[in-house]
Amino acid sequence: MKKYIRKLKVPIIIQIIFTLLYSITVAIFPLVNKYLFDHILEEGLSLVFKLIGIYVLLILLNLLFQYISRLYEWKVSKLFFVKIKDDLFKHISSLDIHEFNKRKVADYLVIFTENVEAIDEDYLSAYIDLYKSILNIIVFLTTLLVFVDYRISIVVLLSSVLIVFIPKIFKKRLSFLRGEQIASIKRYFDKVLDLLSGKSRINRVTFKNINNEHRSYLTDSEDKRYGFGKFKTISDLAGAFGIFLVEFNTFVIVAILLAQGKITVGVGIAAFGYTTSFLDPINDILSCINLINSTQELVDETMDFINGDLIEEKDKWEDKKVDNLSLENLSITFDNFSLDKVNYVFEKNKRYAILGHSGSGKSSLLKLIDGSLEAETGKIYIDGNPIDDLDEYIFSLKQYEYLFRTDFINNISIFKSMETDTKLVNNFLMVLNEKMRNKIINYEDINKLSGGEKQIIGIVRMLVADRPIILLDEPFASIDHKTSKIIKDYLLNLQDKIIIEITHDLSEENLSRFDELIQMDEGNLL
């Protein structure tokens, strides 16, 4: 968090300066009241008119300083949101795919929404408010000490010191309950995403039970929020009791000094005014400390992402040439299934079909090759060299390639990251019939495209990437037979590529396109 405070130090300092000026105007009001009560009988109406002018000036200055302070408060919040969300997205999108998949997308959404919102309101703003409140106390206490009465100042100060220790009593429990609340929100978001993704299966028969499922997670989330709020209320009331204690002690000392004739009525009125002004920042300090304590775990979790490594950026992919891809003793075990010591060599300008029944390990093998799954043993070699960054060499096209909610060019180039006007791409587009070509290039709403049309956009994206190794996991499943045949013929005739395709089409027409057929069963290559 320190780096964000450093980046925002200028608007934060301006905010604090104008808060200080605002506090000074507030501190002058009781002095005006004191002067009125102590001198009205001597100076009469002329004093009244003079003090009215001062009062109006103080009000105008107060409003001006308060406006500028709050304006910069919003500016700090805006800049903080931009900086931290930008950093979060960069670091989360830089995560290794295996690390990324340890959480659900809904969990990341909660970090962008709930975590960041809480850090802004309950941590960063609370820290700034803490310093502002300390400055307010210094202003009011100094004014009380210099212009009112030192004895009252001492009583107020000593009473206030004791209050500061109250938040320490509740710190650990508050932080735990806040963490529980955020965790329940993540579970709730994940469940809502899960249920709404199955909208096609919500009907008159299933409606009741699906809503009951939703309600159970909603109730759990709100119960956790209520539990946090209930304990925070106790913590706040403990702070309120401390405030009442300061007010009580001030009342007692002012009453005694007035009874003994050691202070004037004007001093007594000013003392009560300053005590009220003094107690507000004390109350704010207690509240800020509670908020900071309760949010610390969220800050730590969020900073863990931001302190991670970033992807090393490249302007474009290098034009890689590959002669062979070797799998050496690749093994993985999960969910009572295993691929054990897979060895194979794939060669340039050859086309490989992977065959096998559902669950035989075909997709798992391709995920090992493209790095989506991490092998427990074994290595992948390209031209005899072990490779860690497979993205430079491999494009893996799955049945449901994710498309962004944007136009055709941004989708196939990943927001203009790659050149699209290439011979490879243009030749492919020309083999499509004109109606389909125009539709996918000029669509306005990606959700109105058919499954087959979306798959064709995925294929264009693969051709734009132009990697030397192409993995195909049934990317033609939703494309009509005639168009699928045209596309397959085009792809399987690409030169200088290693093409590996999973297929369930066992027709002679299809299998004759491939140079080698690889049969899989129970995780083994036959």
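Here goes a summary of the coordinates provided. Within each chain, residue numbers correspond to sequence positions counted from 1 in written order. Since the coordinates come from a predicted model, pLDDT governs what is reported: local features require at least 70, and pairs of side-chain atoms require 80 or more to be given and counted, while whole-chain, interface and lining totals use all residues. With hydrogens and water set aside, each side-chain value is computed from the structure's full complement of heavy atoms.

**Structural notes on a positive patch on the surface**
- Patch construction takes residues with relative accessible area above 30% that form no salt bridge. Like charges are linked within 9 Å, and nonpolar side chains (Val, Leu, Ile, Met, Phe, Trp, Tyr) are linked within 5 Å. Surface accessibility in these figures is a Shrake-Rupley result with a 1.4 Å probe; residues are shielded only by whichever protein chains are displayed. For this document, the term salt bridge refers to a Lys or Arg side-chain nitrogen within 4 Å of an Asp or Glu carboxyl oxygen. Counting rule for charge: Lys and Arg are taken as positive, Asp and Glu as negative, and neither His nor the chain ends is counted. Here the site of a charge means NZ on Lys, CZ on Arg, CG on Asp, or CD on Glu. The grouping of Lys2, Arg6, Lys7 and Lys9 at the surface amounts to a positive patch.
- Helix and strand assignments follow DSSP, with helices taken as H or I runs no shorter than four residues and strands as E runs no shorter than two, numbered in order from the N terminus. Sorting elements by how many residues they give to the positive patch places helix H1 (residues 2-7) first, with three residues.

**Some details on the sheet that holds strand E1 (residues 324-334)**
- Paired strands, in this sense, are two strands between which DSSP finds at least two bridges. Strands sit in the order E2-E1-E4-E5 across an open sheet of four strands; the sheet is antiparallel. With one partner strand each, in any of the chains shown, strand E2 (337-347) and strand E5 (385-386) form the two edges of the open sheet.
- The pairing of E1 with E2 spans eight bridges and is antiparallel. Bridging from a neighbouring strand, leucine 327 pairs with tyrosine 344 of E2.

**What to know about the packing of aromatic side chains**
- Between 30 and 60 degrees the pair is tilted, below 30 it is stacked and above 60 it is edge-to-face, where a pair is any two Phe, Tyr or Trp rings, Trp via its six-membered ring, whose centres lie within 6.5 Å. Taken as a whole, this structure holds 18 aromatic pairs when the rule is applied.
- Between the aromatic rings of tyrosine 108 and phenylalanine 305, the centroid separation amounts to 6.1 Å while the plane-to-plane angle is 65 degrees, which identifies the pairing as edge-to-face. Of this pair, tyrosine 108 sits in helix H5 (residues 105-148) while phenylalanine 305 sits in helix H9 (residues 265-306), and the two are 197 residues apart along the sequence. In this pair, the class of tyrosine 108 matches that of phenylalanine 305, namely buried.
- Each member of the aromatic cluster is reached from another via a ring pair, and the members are Tyr4, Phe80 and Phe81. Only protein chains enter the accessibility calculation, which uses a 1.4 Å probe. A residue is then buried if its area is under 20% of the maximum for its type, exposed if over 50%, and partly exposed in between.

**A few points about the environment of aspartate 340**
- Locating aspartate 340 in the fold gives a position in strand E2.
- By relative accessible area, which is 46% here, aspartate 340 ends up partly exposed.
- Spatially, the C-alpha atom of aspartate 340 lies 9.5 Å from that of leucine 525, the residues being 185 residues apart in sequence.
- For aspartate 340, the contacting residues outside a window of four places in its chain are Leu330, Ser331 and Gly523. In this description, contact between two residues means that some pair of their heavy atoms is separated by no more than 4.5 Å.

**Digging into empty space enclosed by the protein**
- Points on a 1 Å grid over protein atoms alone make up a cavity when a 1.4 Å probe fits among them but cannot get out, and a pocket when they form an open set with protein on both sides within 12 Å along at least five of seven lines; lining residues each have an atom within 4 Å of a point. Grid points are joined across faces, edges and corners, and a volume is the space filled by probe spheres set on the points. Per the counting criterion, the structure on display carries one cavity of 30 Å³ or more.
- In this model, the largest cavity occupies a volume close to 30 Å³.
- Every residue lining the largest cavity is listed: Ser363, Leu366, Lys367, Asp370, Ser396, Lys398 and Asp473.
- Among the elements of the structure, helix H10 (362-370) and strand E6 (394-398) are those that each provide at least two residues to the lining of the largest cavity.
- When residues in the lining of the largest cavity are grouped by element, the largest group, four residues, is from H10.
- Asp, Glu, Lys and Arg are counted as charged, while Ala, Val, Leu, Ile, Met, Phe, Trp, Tyr, Cys and Pro are counted as nonpolar; the rest, among them Gly, fall into the polar class. Looking at the lining of the largest cavity residue by residue, the class counts come to one nonpolar, two polar and four charged.

**What about unusual backbone geometry?**
- Residue asparagine 349 is not a glycine yet carries a positive backbone phi of 65 degrees.
- Mapped onto the secondary structure, asparagine 349 falls in the loop between E2 and strand E3 (350-355).
- Even without being a glycine, glutamate 474 presents a positive backbone phi close to 50 degrees.
- Relative to the assigned elements, glutamate 474 resides in the loop between strand E7 (469-473) and helix H15 (481-491).
- Taking relative accessible area as the criterion, glutamate 474 reaches 24% and is therefore assigned partly exposed.

**Some thoughts on the environment of glutamate 247**
- The topology assignment puts glutamate 247 in helix H8 (residues 207-259).
- Measuring from C-alpha to C-alpha, the distance between glutamate 247 and lysine 85 comes to 43 Å, with 162 residues separating the pair along the chain.

As far as function goes, none of this settles anything; it's purely spatial.
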